[in-house]
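Remarks on the overall topology
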Amino acid sequence: MRGVARASVSLGSLSLLRFFGIPWSWSLAASLGLCLGKEGWWYLYVAIRTAKRDLNGLYVLLRVKLALHRHMCKGSTIPSIFAQTVALHPDKPALVYEATGETWTFSQLDQLSNAVAHWALSQGWASGDVVAVFMESRPMVVALWLGLAKVGVEAALINFNLRCDSLVHCVGVSNSRGIVFGAELADAVLEVSASLNGSMVRFCSGELSPDCLASLSAQPLDPLLASSPRLPPSANAHQKGFNDKLFYIYTSGTTGLPKAAIVVHSRYYRIAAFGYHAFRMRHDDVVYNCLPLYHSAGNIMGVGQCLIFGLTVVVKRKFSASRFWDDCIKHKCTVVQYIGEICRYLLSQPVRAAETGHQVRLAVGNGLRPSVWEAFTKRFRVAQVGEFYGATECNCSIANMDGKVGACGFNSRILPNVYPIRLVKVDEESMELVRDREGLCVPCQPGEPGLLVGRINQQDPLRRFDGYASQDATSKKIAHDVFRKGDSAYLSGDVLVMDELGYMYFRDRSGDTFRWRGENVSTTELEGTLSTLLGQTDVAVYGVPVPGVEGKAGMAAIADGAGHFDCNSFLCQVQKALPPYARPIFLRICSQVDTTGTFKIQKTRLQREGFDPHHTTDRIYFLNSRLGRYEAVNEELYSAIMEGRVSL
């Protein structure tokens, strides 16, 4: 009856408006307004503003979902999909190694990965075994894990910055039966040689002297691959399917040492395909990949375009701001990959002709700040930024498909359940989920920051969560009764905020991690390392924001009741023990570190006070990387850092 009454009022209103000579279109709009009411108008407004975006997102989602279903039915794997790519483009450049200019065609990459597969079989490795790969970024990394996958062996892709205990942990947690390392990392392997599993066989790729190989108990890999068959291994070499393990990628957790995230074949395909379709890449694109190949961004979002869609990918050993645009011109790149820091480094370079003489139309990555975003596209004349949010193991990836500045993706406000992700309220202090009277998580309203979660469905490749090598670590990332009773959801650990149109913006990383220089740093792991270096002294590690800089700079509060702390000695120790991104930028030397009754370190006050000398009488130091020493932070230096006059 309410609907009939509203319709009658609307018809009457139409007649009255026509009587006064008001145009028909206005009459229709007024009638519609009476029918819809306030909520209806809002729904209509959002629908009109987001229809094109949402339809495009739905198209991409369905296209990836159908492709996943097709490969699932066929029992595909990444090697079998790659074989189809090779058949289509046998002589096309697949990977280009920028350091040497060496080009590998699809056939050559296929043949070398076949040699790796036969070599793996000759070692007695079988489907389900794990081999650690520890080398700097180059095409050989791809040939190794791809060749191992052809016989069902899983690679553990180790961060080449890791040293000492972290390195031993990452090799050991995957239960690797062997390790392949690059000659450039021989010293790092030698440091931990005695701590590695004695039964683990070791192989070195690259040139090392016989004496050095002997000290490492390692065999040279290159001659073994040169003598291995180039034909594909037997189809019966392994019995893996689309949802079986492909390799491990390590990700910093909220506590403890790095976790080995499981990447299955379908997940690899999903990430690569999502990027390809969401950002409208083309088969003739050339991708400039300066990101490390132990990361999912470099090895899946980047190299995946080569293996699955036949794009040429230029692999850079290490990022160089001064060579970036020259490389792009040299190799005729049309797509570049980034993390937020890379874009900022490029903007800090002197203006040069190469920065606008390139053919790059698309930049794909994450962590690009809004202010840097607009400056980057304008100065370097890059037409499109493909910003996305995602983690190696997550089931709630999102992408910015229409160039909304600052947004890392979106979810439809009109059809939110098509892609079941949500921002839910958490306690700001404990980061515990806030629940309603029925025990369900409380969804955030537009403008309210919340934890991003994704509903888990193990039967759906888009929504499954494969977890980590550690079952305990896997369990900690799953919550129950989130969307509805009896369900389960993946906890991203990241706080985002959504606007009224459904665009999402990265706000912060929850838990005991912070992101710096494109790496996730575990505060718990870092506290343990620093405490050991300082003779088990109490240490609290946390990230602090610095204006104009992506991520958070690492800060360590160190208990020094005796007043004997020596900055120079401390810096020498951390330079040996830690990769550059994990070294504390700021130090706070205090008489004691606050702890709870159960000796858990309290960081809330420390994080709030940051490195501002006005808030404390404790000594605060800043790592001046140009001078190679820690300097005391006074009011003048503090102001210079806050105003961006001192580089971090």
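Up top is the structure.
This section reports on the structure supplied with the text. What you see is a predicted model, and the numbers here were worked out from it, not measured in a lab. Throughout this description, residue numbers start from 1 for each chain and increase along the sequence as written. The predicted nature of this model means local features are confined to residues of pLDDT at least 70 and side-chain atom pairs, given and counted, to a pLDDT of 80 or more, with totals for whole chains, interfaces and linings taken over all residues. Side-chain descriptors were evaluated using all non-hydrogen atoms of the structure, hydrogens and water having been removed beforehand.

Notes on the pairing of strand β22 (residues 513-516)
Within a regular strand, side chains alternate between the sheet's two faces. Convention followed: When DSSP finds two or more bridges between two strands, those strands count as paired. Only DSSP runs of H or I reaching four residues or more are called helices, and only runs of E reaching two or more are called strands; each is numbered from the N terminus.
Two strands pair when backbone bridges link them, and β22 and strand β23 (residues 519-522) are joined in this way by four bridges, in the antiparallel orientation. Bridge pairing in β23 places threonine 513 opposite serine 522. Linkage of β22 to β23, two consecutive antiparallel strands, is achieved through a turn of two residues, within which arginine 517 is found at a positive phi near 55°.

Considering the sheet that holds strand β4 (residues 154-157)
Here is the rule we go by: Residue contacts follow a heavy-atom distance rule, with two residues in contact if any of their heavy atoms lie within 4.5 Å. For helices, the fitted line uses only the C-alpha atoms of the stretch in contact; every axis is such a line through C-alpha atoms, and the angle between N-to-C directions lies from 0 to 180 degrees.
Ordered in space as β7-β6-β5-β3-β4-β8-β9, the seven strands form an open sheet in which the pairing is mixed. Of all the strands in the sheet, the pair left with one neighbour each is β7 (219-220) and β9 (259-264). Bridging between strand β8 (residues 245-251) and β9 involves six bridges; their strand directions are antiparallel. Following the sheet pairing, isoleucine 249 is matched in β9 by alanine 261. Sheet contacts for helix α10 (residues 265-278): β8 and β9; angle to β9, the most-contacted strand, approximately 80°.

Quick word on empty space enclosed by the protein
The cut-off we apply is this: Cavity and pocket criteria rest on a 1 Å grid covering protein atoms alone: a 1.4 Å probe that fits but cannot get out defines a cavity, protein on both sides within 12 Å along at least 5 of 7 lines defines an open pocket, and an atom within 4 Å of a point defines a lining residue. Grid points are joined across faces, edges and corners, and a volume is the space filled by probe spheres set on the points. Amino acids are sorted into nonpolar (Ala, Val, Leu, Ile, Met, Phe, Trp, Tyr, Cys and Pro), charged (Asp, Glu, Lys and Arg) and polar (every other residue, Gly among them).
Enumeration over the complete set of coordinates arrives at three cavities of 30 Å³ or more. Of the volumes computed, that of the largest cavity is approximately 50 Å³. Contributing to the lining of the largest cavity are Val133, Met135, Glu136, Ser137, Val141, Leu157, Ile158, Leu293 and Tyr294. When grouped by side-chain class, the residues that make up the lining of the largest cavity number seven nonpolar, one polar and one charged. For the second largest cavity, the calculated volume is near 40 Å³. Taken together, Ala321, Trp325, Leu346, Gln349, Arg352, Glu355, Arg379 and Phe380 make up the lining of the second largest cavity. Looking at the lining of the second largest cavity residue by residue, the classes come out as four nonpolar, one polar and three charged.

Examining the packing of aromatic side chains
Short version of the rule: Two rings from Phe, Tyr or Trp (for Trp, the six-membered ring) form a pair when their centres are within 6.5 Å of each other. A pair whose planes differ by under 30 degrees is stacked, one over 60 is edge-to-face, and the rest are tilted. Throughout, exposure labels follow a simple rule: accessible area from a 1.4 Å probe, protein chains only, divided by the maximum for the residue type, with under 20% read as buried, over 50% as exposed, and the rest as partly exposed.
The final tally for this structure, using the stated rule, is 24 aromatic pairs. Plain terms: the ring middles of phenylalanine 247 and tyrosine 268 are 6.0 Å apart, the flat faces sit at 85° to each other, and that makes the pair edge-to-face. Here phenylalanine 247, found in strand β8, pairs with tyrosine 268, found in helix α10; they are 21 residues apart in sequence, far enough to count as distant. Assigned by exposure class, phenylalanine 247 and tyrosine 268 land together as buried. Note on phenylalanine 324 and tryptophan 325: the rings are 4.9 Å apart at their centroids and 80° apart in plane angle, and the pair reads as edge-to-face. Owing to a relative accessible area of 1%, phenylalanine 324 belongs among the buried residues under this scheme. Look at tryptophan 325 and you get buried, because its relative accessible area is 4%.

Any functional reading would require information that these geometric values do not contain.
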